[in-house]
Amino acid sequence: MPRGPAPTAAAKRGWTRGLLSTVRFMAGLWRMRSVTLLRAWARRDAVSMLSFRTYASGSRAAKAPIEPMPLPCIDQHETRQSRVMGGSPRTGSPASQKDEMLGPEPSYTDIVSGYETFICDEPFALDYGSVLPSYQIAYETWGTLNAARDNAILLHTGLSASSHAASTPRNTSKGWWEDFIGPGKALDTNKFFVVCTNVLGSCYGSTGPSSAHPLDADGAPYATRFPVLSIFDMVRAQFRLLDHLGIDTLYASVGSSLGGMLSIAAAHLFRERVGRVISISGCARSAPSGIALRYAQRSVLMADENWNRGFYYGPNQVQPHKGMKLARQIATITYRSGPEWEQRFGRRRHTQLTTEADAATHQAPALCPDFLVETYLDHQGEQFCLKYDANSLIYISKAMDLFDMTDDALAELGAARMEAHGDDGNLPVERIDHAPASPKRRPHITTISHPGAHAYVPSLARGLRRLHDVPILILGVQSDILFPVEQQRELAECIRMNGNTSVMYYEIDAPHGHDSFLIDVANVGGAIKGFLN
């Protein structure tokens, strides 16, 4: 191929000067961009950094933000604070129809009336050395006590529940166990007389930290002057109510969660007065994992500046609503399960619920609740934060942490009570000289025989010795992370180790986690009804 004429010397010099000019221009541009970046970094100037990125990328559409991001969740706290200071304590927005369609939820009501009250004017000695000058217990009943007075069922509540387990003529609102109590239901009121109490230490009619201190000259609430309680203290207060009602023997002691602990404790303290026991999603010894979860709730609550060391009652005080909301959000995580939330929420965002035909809208990420699971937690916290007394949550959750049915712990607590009050509260178990006969092995339960079984198991079995002849139903939920199902297996096997052949144990494969005892009427209710009948 023929080649063109060779470039002249002048042309070569022109190309060289052009190339050098291009290099100088590019070097200057690089220096200018580098200086801009360094200056922006040195000043931590977000606007300059964003401007540089826009310039370097060549984007003409992006602009540096000059307004802070909206934070409606913080606005919500501030609005609630103003409302509470203005004397309007009620909070929470009603669940929308779409919220209700997302999944089943338990029914909890702020109970202020509709219950009966038992008042005990005698001093009430407590396990940890203190004395209540007097106390009262709120309770509700369903069904009719028969002539023999032997068809009564004592229903124990969870941590934050009231005595309103089902609707009554005095209070027609839905109760927290509405679908379990009534004619033909699990607790069949055609057969049984059901008594449900609000536990000692709570705030729904029973004496607790928010109650007036009888020795205070001004009648101010106990606040953190209220004494630490044990699970056994709560049970003794309930049985004084039963004495008042003329009930010597219970057909059954029934409870879930905290109530499952109370039900076991009732059979231990008053073995001759309890005919049957049902313990659902409970335990006989609080595990470190449960203690840690409840401690986290108390920590965020007590860190709220409005908590004021527990003295937040009165016209010039504000309830620790921020801490309570956070505590409830933590609790809700422990009450439900990951698989259920995957089914209900997945990774959907809240804005997608408001679009027509389920079409997703383009929405920038937000720092406040954005994902649907976040809005769910926010709603649960908002509904609860001014509905329940913060100090009651602290005291009752602490009583749950202290619960330990090992024989060593019972002996220690009994000795402390003996030193303080001159009686051991019937806490320590009796020593025996021979081991009970081993029941037939249940190969499907392996907690005790497993090589990794905990060292405390023999002590726990000894502590449960008084339950060696009581018919007992124990229910666990496989998706429960607050009271893992291993704790119910452990309870069943420890009672069987004492020779009890009347232990019925069921595991429920439900996705609702710990709250299954409030929601799964078919499985939980069916097991209860079959056992009682």
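In case you missed it, the structure is sitting above this.
Summarised in this report is the structure supplied together with it.

Cut-off values and rules
Residues numbered from 1 in each chain as written. Predicted model: local features only at pLDDT ≥ 70, side-chain atom pairs only at ≥ 80, totals over all residues. Heavy atoms only, no water. Axes fitted to C-alpha atoms, helices over the stretch in contact; angles between N-to-C directions. Helix = DSSP H or I, 4+ residues; strand = E, 2+ residues; numbered from the N terminus. Parallel < 35°, antiparallel > 145°, perpendicular 65-115°, else oblique. Contact = heavy atoms within 4.5 Å. Nonpolar A, V, L, I, M, F, W, Y, C, P; charged D, E, K, R; others polar. Pairing = 2+ DSSP bridges. Salt bridge = Lys/Arg side-chain N within 4 Å of Asp/Glu carboxyl O. Buried < 20%, exposed > 50% of the residue type's maximum accessible area, 1.4 Å probe, protein only. Polar contact = N/O pair within 3.5 Å; in protein donor to acceptor, adjacent residues only side chain to side chain. Patch = residues over 30% accessible without salt bridge, like charges linked within 9 Å, V, L, I, M, F, W, Y side chains within 5 Å. Areas by Shrake-Rupley, 256 points an atom, 1.4 Å probe, with all protein chains shown as cover. Right-handed = clockwise from strand over helix to strand, strands pointing away.

1. Remarks on the packing of helix α3 (residues 72–85) against helix α8 (residues 321–335)
Then step 1. Taken N-terminus to C-terminus, the directions of α3 and α8 make an angle of 130 degrees; their axes are 10 Å apart at the nearest point. Our classification of the angle between α3 and α8 gives oblique. Across from Gln76, His77, Arg80 and Gln81 in α3, the residues of α8 making contact are His321, Lys322 and Lys325.
Then step 2. For the contact of α3 with α8, the class distribution of residues is no nonpolar, 4 polar and 3 charged.

2. Some details on the sheet that holds strand β9 (residues 252–256)
Then step 1. On the basis of which strands lie adjacent, the open sheet formed by 8 strands has the order β1-β4-β8-β5-β9-β10-β11-β12 and mixed pairing. Both edges of this open sheet fall to β1 (116–120) and β12 (503–508), since each of them pairs with a single strand only. Recorded for the sheet is a direction-independent mean angle of 20 degrees between the axes of neighbouring strands.
Then step 2. In the sheet, β9 pairs with strand β10 (residues 277–280) via 4 bridges, with the strands oriented parallel. Residue Ser253 lies in a different strand from β10, and its bridge partner there is Val277.

3. Quick look at the pattern of salt bridges
Then step 1. By the definition in use, this model includes 22 salt bridges.
Then step 2. The salt bridge involving Arg236 is made with Asp127; its shortest N-O contact spans 2.9 Å. A residue pair is termed long-range when its members are at least 10 positions apart, and Arg236 in helix α5 (residues 231–245) and Asp127 in the loop between β2 (124–125) and β3 (131–132) qualify at 109 residues. Like Arg236, the residue Asp127 is buried in the burial classification.

4. Some thoughts on the side chain of His213
Then step 1. Of note, His213 is situated in the loop between β8 (193–197) and α5.
Then step 2. Within polar-contact distance, the side chain of His213 engages the backbone nitrogen of Leu215 at 3.1 Å.
Then step 3. Residues within four places of His213 in sequence aside, it is in contact with Gly219, Ala220, Pro221, Tyr222 and Arg225.

5. Description of a nonpolar patch on the surface
Then step 1. A contiguous nonpolar patch, built from Met69, Leu71, Ile74 and Leu367 and spanning about 370 Å² of accessible area, is present on the exposed surface.
Then step 2. Within the element layout of this structure, Leu367 appears in the loop between α9 (338–344) and α10 (372–384).

6. What to know about the pairing of strand β11 (residues 472–477)
Then step 1. Most of β11 is tucked away: 6 of the 6 residues are buried.
Then step 2. Neither face of β11 is open: one carries Ile472, Ile474 and Gly476, the other Leu473, Leu475 and Val477, and all of them are buried.
Then step 3. Where β10 meets β11, 4 bridges bridge the pair, whose relative direction is parallel. Pairing of Ile280 across the sheet is with Leu475, part of β11.
Then step 4. Between the parallel elements β11 and β12, the chain passes through helix α14 (residues 485–496) in a crossover that is right-handed.

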